[in-house]
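Understanding the architecture of this molecule
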Amino acid sequence: PPVIRREDYTPFPWLIPATRMEFELGLEKTRITTTLNVERNPDAAASPTIRLNGDGLALVSLACDGGSCDGHMIDGDDLVVTLPGDRHVLTIVTELDPSDNSQLMGLYASNGMLCTQCEAEGFRRITFFPDRPDVLSTYTVRMRGPRAQFPVLLCNGNRVATGEDGNSHWAEWHDPWPKPSYLFALVAGDLVARTDHFTTMGGREVELNVYVREGDLDRTEHAMESLKRSMQWDEEVFGREYDLDLFNIVAVSDFNMGAMENKGLNVFNTKYVLADPETATDGDYDGVEGVIGHEYFHNWSGNRVTCRDWFQLSLKEGFTVLRDQLFSADMGSEPVKRIEDVRVLRGVQFPEDSGPLAHPIRPDSYREISNFYTSTVYNKGAEVIRMMRTMAGAERFRRGTDLYFDRHDGEAATCEDFVAAIEAGTGLDLTQFRLWYAQAGTPKVAVTLAHEGDTARVKLTQTVPATPGQGDKHPMPIPLKLALFDRASGTHSGEQLVVLDKDSAEFTFDGFAQRPILSINRTFSAPVSIDRDVSREDLVFLAAKDDDPFARYEAMQELMTGHLVAAVSGEMDDGEREAARTDIAQAMRAVIEDDQLDDLMRGELMVMPGQTYVAEQLLVADPGRIHAEREALKADLGTRLAAQFEALYERTGKVPFSLDAQGKGARKVKTLVLAYAAASDPAKAAELAAHQYDGADNMTDRQGALMVLAGLDSAARTGKLLDFYNRYAGNALVIDKWFALQASSLHPHAIEHVKALREHPDFTLKNPNRVRSLYMAFAANPQAFHGADGEGYRMLADLILELDPINAQTAARFVPPLGRWQRIEEGRAKLMREALERIAKAPKLSRDTYEQVTRSLG
Ligand code: DPP
Ligand code: ZN
């Protein structure tokens with residue numbers, strides 16, 4: 001497959017001002033007649049032909065201006081038509097079998113309904129079209145199908161006409177907003193809706209619908225409330241108003257992504273729509289709110305202003321992730337949301353940035369764009385924009401975003417357009433800052449603090465590591481919020497923002513009779529890794545006293561990470577081990593007993609650093625040793641703090657169910673206590689967990705208890721797992737949890753459980769949620785996946801090979817865990833490479849998997 005390069009961009013030679021489509025719908029046969037009004041693009045080099053992309057399409061017929069064409073040919077998958085004049089009308093007929101579309105791209109059947117997914121390049125699986133985001137067209141769509149099978153017919157925009165004829169009926173939809181083909185959507189099925197209304201700030205009455213399968217209607221309230229809150233919030237915080245009279249959301253159970261922001265017709269994975277306390281965890285509730293917000297916010301950051309080409313993906317995704325993060329922070333706890341977002345960044349993006357798949361947030365080349373819907377483009381992309389906001393302040397940043405929307409409304413823009421608008425709107429000079437778009441790799445900032453007389457000197461040194469294709473890096477501007485705590489008073493005299501924009505710089509602060517305690521990268525103001533020279537004593541201080549909750553979290557993480565890294569590096573004698581564990585326990589105890597803390601935040605401070613994050617601190621990691629040390633520390637804390645944990649469990653156990661911060665916090669802390677107990681006193685933990693499971697009146701408590709039980713060799717284990725399965729049989733999203741919690745369990749035989757679950761009648765390769773629930777959980781389970789014999793790697797390779805012909809996009813997502821081999825000890829690294837090489841040798845590999853595997857082999 002060819003490499004596509006950003007520098008090769010040229011505008012499309014033709015404009016398509018209007019597109020008309022007629023769908024004759026059927027699950028097994030759908031016929032599509034597409035009429036394109038094409039005219040020469042005055043801003044592009046003229047071409048005698050028009051290239052219309054296709055992907056596996058059969059051309060039924062083609063007409064030019066109502067007659068035959070001067071010439072046309074099929075070139076690869078594309079249709080190339082000779083066009084002599086300046087304006088023509090092309091009529092293209094294609095025919096598909098949606099029930100045969102297991103890739104879930106284009107038009108496909110799911111659960112008896114028809115739906116579409118077009119981003120990034122799915123539209124070309126429906127009809128021949130210039131399937132690129134800079135070709136904007138106005139769509140009119142008429143769809144016709146059997147009324148009994150498809151009582152609901154939906155498309156983008158507004159329904160302008162409907163009609164019946166015999167057993168079939170039709171609807172015509174018109175979307176007044178020109179859009180790229182990736183935002184096209186169509187749904188036909190037997191669905192019911194929860195309906196509500198929203199009045200925009202300009203007085204527009206908008207009808208809102210959440211469409212689901214009949215039995216799911218009572219699980220849509222949270223989605224609808226989240227949608228209304230998103231609409232309100234975007235008006236208040238970004239001044240963005242909705243622009244159609246209708247906003248539809250449809251939940252689909254077979255979906256490659258989380259959701260899709262099609263204009264006026266968002267299509268969602270059921271996972272991000274359906275929620276009630278009995279079947280959804282607190283995390284699921286937050287996920288629904290966040291994703292509903294995310295897709296809604298795309299209406300401006302993505303749809304009204306779209307991307308010129310797919311290299312600009314972070315223009316819409318990074319910005320929209322930032323917007324959804326700010327929204328969720330405003331709806332709940334700001335510091336807790338920040339900590340969760342940083343945990344994802346460090347757990348997923350940092351490893352990506354330090355491995356063979358590292359790429360800048362604006363990539364320079366790709367073979368398959370689906371592979372670039374990454375944590376780097378999304379989450380690091382959001383961090384990069386957040387840094388601009390931090391440097392400008394929220395108010396000036398808003399001037400920048402207003403200017404961006406003003407300048408580019410209705411256009412297909414670039415990341416450069418965005419930065420230029422923020423620059424003009426905020427007054428910041430972002431010349432050097434643009435490097436954040438171009439350079440991959442997580443910068444490392446080394447921090448030292450010197451104290452002399454009454455002056456403190458903070459010396460900062462940055463290194464941006466080499467990444468594939470980028471050997472030489474330039475220093476980037478790194479905004480760091482810091483505060484210096486006076487040791488005696490335990491306070492600081494104000495937070496400061498320093499920007500490190502050279503390799504190295506020193507900042508001095510006066511008025512410290514004693515050596516102060518440095519708190520740095522507060523609120524995680526820059527997506528860098530900090531390497532600071534700090535004593536455990538100071539970390540214990542910061543964990544207890546820092547007024548920035550993120551910095552407290554960070555201090556706890558650093559205390560534990562520092563210990564684990566030293567322990568697995570074998571640099572530790574028994575005395576040191578004891579001293580470190582005593583300090584960690586002291587800090588943890590202060591966290592448990594701090595009555596100023598709410599339980600949501602307390603939970604964050606109690607969370608141990610993840611296995612991957614610890615591994616990330618080491619050049620080469622031994623997953624087995626990290627796992628063992630991490631479990632040992634957990635057990636040690638569970639033992640030392642048994643009384644405190646017990647009191648905490650008892651107090652939080654009494655908090656009644658509610659979805660507010662108090663209720664959520666109590667549930668979070670409870671399950672954390674169980675996890676510590678599971679390591680230190682398994683028998684007791686099993687008893688508590690069984691009891692929590694039986695008494696649960698919500699999914700968070702029930703799943704938390706079952707997760708702990710699944711990892712223990714206790715009598716209750718089998719019974720509760722069976723009970724859970726029977727209780728929720730038929731509820732796909734809950735059965736996904738049942739698969740996932742066994743695949744991620746700490747049970748020594750987890751790998752055998754995964755093998756057995758692969759053969760379970762409820763397992764299917766056709767449903768991405770189900771595949772992910774078993775295999776993503778497994779690939780993230782260090783003990784099971786990284787078994788020294790390499791069986792985990794072979795299993796994942798088998799899965800990839802089996803899934804690739806069915807759903808290439810999903811298959812390719814399982815390659816990165818194997819691509820970590822360079823950072824893993826020799827024995828396992830060899831086995832991981834072998835797994836990758838076996839995939840690479842497969843005779844017919846998709847473009848998706850081929851690209852990921854070859855990059856991963858390095
Ligand atoms: N649906 C995906 C998202 O919203 C891709 N646009 O991130
Ligand atoms: Zn998005």
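If you're wondering where the values come from, they're calculated on a predicted model, not measured in any experiment. Throughout this description, residue numbers start from 1 for each chain and increase along the sequence as written. By the order in which they are written, chains take letters starting at A while ligands take numbers starting at 1. Per-residue local features are limited, in this predicted model, to residues with pLDDT of at least 70; the limit for side-chain atom pairs, both in listing and counting, is 80 or more; totals at the level of whole chains, interfaces and linings are taken over all residues.

The strand order across the open sheet formed by 4 strands is E9-E10-E15-E12, and the pairing between neighbours is antiparallel. Whereas interior strands pair on both sides, the edge strands pair on one side only; in this sheet they are strand E9 (106–110) and strand E12 (152–155). Between one strand axis and the next, the sheet turns by 20 degrees as a mean value, whatever way the strands run. Bridging between E9 and strand E10 (residues 113–117) involves 5 bridges; their strand directions are antiparallel. DSSP-based pairing: two strands are paired if at least 2 bridges between them are found. Under the scheme used here, helices are H or I runs from DSSP no shorter than 4 residues and strands are E runs no shorter than 2 residues, and both carry numbers assigned from the N terminus. Here the axes come from fitting lines to C-alpha atoms, over the contacting stretch only for helices, and the angles between their N-to-C directions go from 0 to 180 degrees.

Near residues are defined by distance alone, with the backbone-placed C-beta atom required to lie within 6 Å of the molecule or strand. Contacts to ligand 1 come from Glu-119, Met-257, Ala-259, Met-260, Glu-261, His-294, Glu-295, His-298 and Glu-317. Elements supplying a minimum of two residues to the shell around ligand 1: strand E19 (259–260) and helix H2 (282–297). Gly falls in the polar group here, along with every residue not listed as nonpolar (Ala, Val, Leu, Ile, Met, Phe, Trp, Tyr, Cys, Pro) or charged (Asp, Glu, Lys, Arg). Class assignment of the residues belonging to the shell around ligand 1 gives a composition of 3 nonpolar, 2 polar and 4 charged.

Here we take up the sheet that holds strand E4 (residues 49–52). Taken in spatial order, the 3 strands make up an open sheet running E4-E7-E6, and their pairing is antiparallel. The open sheet is flanked by E4 and strand E6 (72–75), the only strands paired with a single partner. Pairs of neighbouring strands in the sheet enclose a mean axial angle of 20 degrees, with direction left out of account.

With that out of the way, let us pick up the nonpolar core. Soluble globular proteins: nonpolar side chains tend toward being buried together. By our criterion, buried Ala, Val, Leu, Ile, Met, Phe, Trp, Tyr and Cys residues that link up through C-beta atoms within 7 Å make up a nonpolar core. Once C-beta atoms are placed from the backbone, each residue is buried if 20 or more other C-beta atoms lie within 10 Å of its own, exposed if 12 or fewer, and partly exposed for counts between those two. Ranked by size, the top nonpolar core spans 243 residues in total, and within it Val-187, Val-250, Val-267, Val-273, Leu-674, Ala-689 and Leu-796 carry the most contacts. Ranked by residue count, the leading element in this core is helix H10 (residues 549–568), at 11 residues. Apart from the residues within four sequence positions on either side, Leu-674 is in contact with Ala-685, Leu-688, Ala-689, Gly-704, Ala-705 and Val-708. Contacts here follow a simple rule: the backbone-placed C-beta atoms of the two residues must lie within 7 Å.

Before going further, it helps to spend a moment on the packing of helix H24 (residues 791–803) against helix H26 (residues 826–840). In the contact formed by H24 and H26, the axes pass within 9 Å of each other and the chain directions differ by 15 degrees. Relative to H26, the element H24 is oriented roughly parallel. In the packing of H24 onto H26, the handedness of the crossing is right-handed. Across from Tyr-793, Arg-794, Leu-796, Ala-797, Ile-800 and Leu-801 in H24, the residues of H26 making contact are Leu-831, Met-832, Ala-835, Arg-838 and Ile-839. Angles below 35 degrees are treated as roughly parallel, those above 145 as roughly antiparallel, those between 65 and 115 as roughly perpendicular, and all remaining angles as oblique. Helix crossings are classified by the rotation of the near helix relative to the far one: an anticlockwise turn of less than a right angle makes the crossing left-handed, while a clockwise turn makes it right-handed.

Moving on, we get to the domain arrangement of the protein. For each domain, the first and last residues come from an automatic or database assignment. Considered domain by domain, the protein is made up of domain 1 (4–190), domain 2 (306–438) and domain 3 (444–529). Between domain 2 and domain 3, the C-alpha centre-to-centre distance is 24 Å. The interface of domain 2 with domain 3 comprises 15 residues on the first partner and 13 residues on the second. Among the secondary structure elements, those contributing two or more residues to the side of domain 2 that touches domain 3 are helix H4 (334–353), helix H5 (375–392) and helix H8 (435–438). Ranked by residue count, the leading element in the side of domain 2 that touches domain 3 is H5, at 5 residues.

Across the 8 residues that make up helix H12 (residues 599–606), a large majority, 8, are buried. Along H12, the residues that are buried comprise Asp-599, Leu-600, Met-601, Arg-602, Gly-603, Glu-604, Leu-605 and Met-606. For H12, the secondary structure elements touched by its buried residues are H4, H10, helix H11 (574–593), helix H15 (642–653) and helix H16 (661–680).

On to the packing of helix H9 (residues 536–545) against H10, then. Interhelical geometry of H9 versus H10 gives an angle of 145 degrees and a closest axis separation of 8 Å. Regarding H9 and H10, the two cross each other, and that crossing is left-handed. Every residue of H10 that contacts H9 at Arg-536, Leu-539, Leu-542 and Ala-543 is listed here: Ala-551, Arg-552, Ala-555, Met-556, Glu-558 and Leu-559. The residue inventory of the contact of H9 with H10, partitioned by class, reads 7 nonpolar, no polar and 3 charged.

Here we take up helix H17 (residues 682–695). The first and last C-alpha atoms of H17 sit 20 Å apart over 14 residues, in line with the 20 Å expected at 1.5 Å per residue. For H17, the elements touching its buried residues are H16, helix H18 (699–710) and helix H19 (715–727). By this rule, a helix spans an expected 1.5 Å times one less than how many residues it contains.

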